[in-house]
Amino acid sequence: MRSPQPHRSGGDTQQHFQSTVSVQKLKRFNSLILVFRFAAFCFSLASAVFMLTNSRGSDSLHWYNFDAFRYVVAANAIVAIYSLFEMAASVWEISRNATLFPEICQVWFDFGHDQVFAYLLLSANTAGTELARTLKDTCTDNKAFCVQSDIAIVLGFAGNWTRMSKEASNGDHNSAAKAPPTPSPLRFSKFFQSNMRILITGGAGFIGSHLVDRLMENEKNEVIVADNYFTGSKDNLKKWIGHPRFELIRHDVTEPLLVEVDQIYHLACPASPIFYKYNPVKTIKTNVIGTLNMLGLAKRVGARILLTSTSEVYGDPLIHPQNESYWGNVNPIGVRSCYDEGKRVAETLMFDYHRQHGIEIRIARIFNTYGPRMNIDDGRVVSNFIAQAIRNEPLTVQAPGTQTRSFCYVSDMVSKKLSGALNDGRRFKLS
Ligand SMILES: O=c1ccn([C@@H]2O[C@H](COP(=O)(O)OP(=O)(O)O[C@H]3OC[C@@H](O)[C@H](O)[C@H]3O)[C@@H](O)[C@H]2O)c(=O)[nH]1
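Everything numeric in this text was worked out from a predicted model, so none of it was measured. (Residues numbered from 1 in each chain as written. Predicted model: local features only at pLDDT ≥ 70, side-chain atom pairs only at ≥ 80, totals over all residues. Heavy atoms only, no water.)

## Considerations on the packing of aromatic side chains
In total, this model carries eight aromatic pairs according to the counting rule given. For the ring pair Phe66 and Phe69, a centre distance of 5.8 Å and an interplane angle of 70° mean the geometry is edge-to-face. The buried category is assigned to Phe66, whose relative accessible area is 15%. When its relative accessible area of 0% is taken as the criterion, Phe69 is described as buried. (Phe/Tyr/Trp six-rings, centres within 6.5 Å; stacked < 30°, edge-to-face > 60°. Buried < 20%, exposed > 50% of the residue type's maximum accessible area, 1.4 Å probe, protein only.)

This is the structure we're talking about:
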């Protein structure tokens, strides 16, 4: 089971995007497990107690004179005690939104061992049933333990059934997410502390270059920028060119990229309407094939990956402000669809790679960002207004004139939201 990182800070109460199973989903799932564990506990305990408290019957025979019945008591008592421990673990997990063990052990703890206990109960209760059947003819009122044994066996089978049902519920959860791919062995070396190698696609662009500046401040970071310079520019990165921890590659993300990195910030895509509408087919390719290529890379090298998505995944939203549970109102055939739908597919790919291959993902839906290094002819409203104001021209307000936007200054976007997003397990919201 892939689970969210324990909330170390415990204080992040915002609604978020996140890389893994949502906290609510985890809570629901752990609650379901708790119910199964409680049921198994009740049935097994009742079965064992039924046998142990059996003191009726004055004849010389008693249940403990028969191996099979002793086996029934022992198996049910073991399962009851173990279920008690499991229930305590469940309660702890639900209260902390966390899992008790590392991922691999957790899968075993949640499901793997259920079969062992289920078969223990099954074999014990089957043996008990066989014996009860043999004794049937000889069972009289004086041998009331036979009846109680039957009831205990039935309860034991019920315990077995709950364990098997819990195991069956694993299917859905297993598909929720796989364990992430293993990062490079150097990550865990005691002797060699490599730098964090970070790939930024679209790193020569407006937001990307600010992200480079921010990540280069940390001397433990090596930054590789891949950009095809369609809307980005080497000028944005000139202070880093030649720096030993920096590398700039002219590369189009629609082609595969073979690099060894620990983190990927996938920003590559024109973001301004006039640029993404210029070559819509290319825009879709960048979003779909480019994201596939980056996810393939993340899978191969075990890197975490962040996709910068957009507020445009909401299309022409019908609710304001948009929260993450809103799925949007998007025109699939409009002139902006290449970008809107492209980013939506990119988000889908991110989550499918996460669920299918365990890739650790982050998605940032960026709203309207402005600041230094924005192209003067970027076409977005802030740069347009500033350019028009400088030229003493009237400001153009496009129809209908009632539209609203959430604006964010680029350094806030980068320092508060993007740059740390791949370093911890916390989730985050962008607006
Ligand atoms: O000169 C202008 C330019 C734009 N506008 C209006 O201002 C609003 C904002 O438009 P912008 O072109 O700045 O861009 P948008 O907010 O639609 O999307 C932009 O910001 C969010 C990002 O995720 C997107 O990638 C980016 O396209 C629109 O309603 C637009 O019609 C004007 O009124 N005048």
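## A few points about the pattern of salt bridges
Across all of its chains, the model carries 14 salt bridges by this definition. Of the charged contacts in the structure, one is a salt bridge between Asp213 and Arg373, with a shortest N-O distance of 2.7 Å. One end of the pair, Asp213, is in helix H7 (residues 206-216); the other, Arg373, is in the loop between strand E7 (368-370) and helix H11 (381-390), with 160 residues separating them in the sequence. The salt bridge involving Arg304 is made with Glu360; its shortest N-O contact spans 3.2 Å. A residue pair is termed long-range when its members are at least 10 positions apart, and Arg304 in strand E5 (residues 304-310) and Glu360 in the loop between helix H10 (337-357) and strand E6 (361-366) qualify at 56 residues. (Salt bridge = Lys/Arg side-chain N within 4 Å of Asp/Glu carboxyl O. Helix = DSSP H or I, 4+ residues; strand = E, 2+ residues; numbered from the N terminus.)

## Things to note about the site of the ligand
Taken together, 21 residues lie near the ligand, and Ala271, Thr310, Thr396, Gln398 and Arg405 sit nearest. A distance of 2.6 Å is found between an oxygen atom of the ligand and a backbone nitrogen or oxygen belonging to Ala271. The side chain of Asn368 places a nitrogen or oxygen atom 2.8 Å from an oxygen atom of the ligand. A total of 660 Å² of accessible area belongs to the ligand in isolation, and the protein chains cover 92% of it. Listed by contribution, the elements that provide at least two residues to the shell around the ligand are helix H8 (273-276) and H11. Here the element with the most residues in the shell around the ligand is H11; it accounts for three residues. Within the shell around the ligand, the residues separate by chemical class into nine nonpolar, eight polar and four charged. (Near = heavy atom within 4 Å. Polar contact = N/O pair within 3.5 Å; in protein donor to acceptor, adjacent residues only side chain to side chain. Areas by Shrake-Rupley, 256 points an atom, 1.4 Å probe, with all protein chains shown as cover. Nonpolar A, V, L, I, M, F, W, Y, C, P; charged D, E, K, R; others polar.)

## A closer look at the confidence of the model for the protein
Averaged over every residue, the pLDDT of the protein is 83; the share at 70 or more is 81%. Residue range residues 1-21 is modelled with pLDDT below 50. Its contacts to residues more than four positions away, or to other chains, number 61 contacts. Note on residues 426-431: pLDDT under 50 across the span, and 31 contacts to partners over four residues away in sequence or across chains. Both scores are available for the predicted complex, with the pTM at 0.63 and the ipTM at 0.95. (pLDDT = per-residue confidence, 0-100. Contact = heavy atoms within 4.5 Å.)

## Comments concerning the environment of Leu297
As for its position among the elements, Leu297 is in helix H9 (residues 280-301). We classify Leu297 as buried; its relative accessible area is 3%. A sequence separation of 38 residues divides Leu297 from Val259, and the C-alpha atoms of the two residues are 7.9 Å apart. With residues near it in sequence (within four places) discarded, Leu297 still touches Leu199, Leu257, Val259, Val261 and Ile264.

## Some points on unusual backbone geometry
Cis geometry marks the peptide bond from His320 to Pro321, where omega comes out at -15°. Within the secondary structure layout, Pro321 lies in the loop between E5 and H10. Its identity as a non-glycine residue notwithstanding, Tyr229 has a phi of 60°, on the positive side. Its place among the elements puts Tyr229 in the loop between strand E2 (221-227) and strand E3 (246-250).

## As for the UniProt feature "transmembrane region" (unreviewed entry) in the protein
As recorded in UniProt, the feature "transmembrane region" (unreviewed entry) lies at residues 34-53 and 68-85. Secondary structure content for residues 68-85 is 100% helix and 0% strand, while the C-alpha to C-alpha distance between its ends is 26 Å. (UniProt positions renumbered as here; feature names shortened; annotations may be inferred.)

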